[in-house]
Structure formats: C-alpha cells, structure tokens
Amino acid sequence: MKHIKVLGSGCTKCNKTAQIIEEKAANMGLNVQVEKETRPEALFEYGVMSTPAVVVDEQLVHSGSIPESGKIEEWLK
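One structure accompanies this document, and this report is about it.

Rules used throughout
Residues numbered from 1 in each chain as written. Predicted model: local features only at pLDDT ≥ 70, side-chain atom pairs only at ≥ 80, totals over all residues. Heavy atoms only, no water. Helix = DSSP H or I, 4+ residues; strand = E, 2+ residues; numbered from the N terminus. Polar contact = N/O pair within 3.5 Å; in protein donor to acceptor, adjacent residues only side chain to side chain. Contact = heavy atoms within 4.5 Å. Axes fitted to C-alpha atoms, helices over the stretch in contact; angles between N-to-C directions. Parallel < 35°, antiparallel > 145°, perpendicular 65-115°, else oblique. Left-handed = near helix turned anticlockwise from the far one by under 90°. Nonpolar A, V, L, I, M, F, W, Y, C, P; charged D, E, K, R; others polar.

Quick notes on the side chain of threonine 17
Step number 1: Turning to its location among the elements, threonine 17 is positioned in helix 1 (residues 12-27).
Step number 2: Here lysine 13 takes part through its backbone oxygen, which lies 2.8 Å from a polar atom of the side chain of threonine 17.
Step number 3: For threonine 17, the contacting residues outside a window of four places in its chain are Val6, Pro52, Val54, Ile66 and Pro67.

Below, the structure is given as structure tokens:
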C-alpha cells in the first residue's frame, strides 16, 4: 500500500489535491493511504516552498499546484 501525504495549510487546493488522489486510486482499484499534513514543521522537513505538496512513500514528488491526472497515475503505479 502506498502512503501519500498532502502537505499544506488545509486550503481549498490542498483538500482538492487529496480528494483527486483518493478518487484516482479508487478508479484504478488501488488501496492507498492519503494523509493531510498541515503542520508547518512538515513543510520544512520536506523542503517545501509552495503548497499543495505531495509526498509518496516519503519522497517529495510535487509542489506548488494541484497535480495533473497523468502525474497522479504515475505515482500510483
């Protein structure tokens, strides 16, 4: 199972990012754990300068915008 963190302040874009990832995983028939991380310390831990940011299995894979559908599919494979 993949563990995915969506880092951000809890803003609309951050919530939308988590929702899109969960929906894409469900459509692909995958079991993933999506966690919304709003602690400011988490942003520093991963070196994030802009949100929303996405961490997959402890690796920062995206930051600064809602990710495109194709990118999400790649992360989930």
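Focus on the packing of helix 1 against helix 3 (residues 69-76)
Step number 1: At a minimum axis distance of 10 Å, the contact between helix 1 and helix 3 shows a crossing angle of 60°. The angle between helix 1 and helix 3 falls in the class oblique. Relative to helix 3, helix 1 is oriented so that their crossing is right-handed. Here Ile20, Ile21, Lys24 and Ala25 of helix 1 lie close against helix 3, whose contacting residues are Ser69, Ile72, Glu73 and Leu76.
Step number 2: The class makeup of the residues in the contact of helix 1 with helix 3 is five nonpolar, one polar and two charged.

The analysis is restricted to geometry; functional conclusions fall outside its scope.
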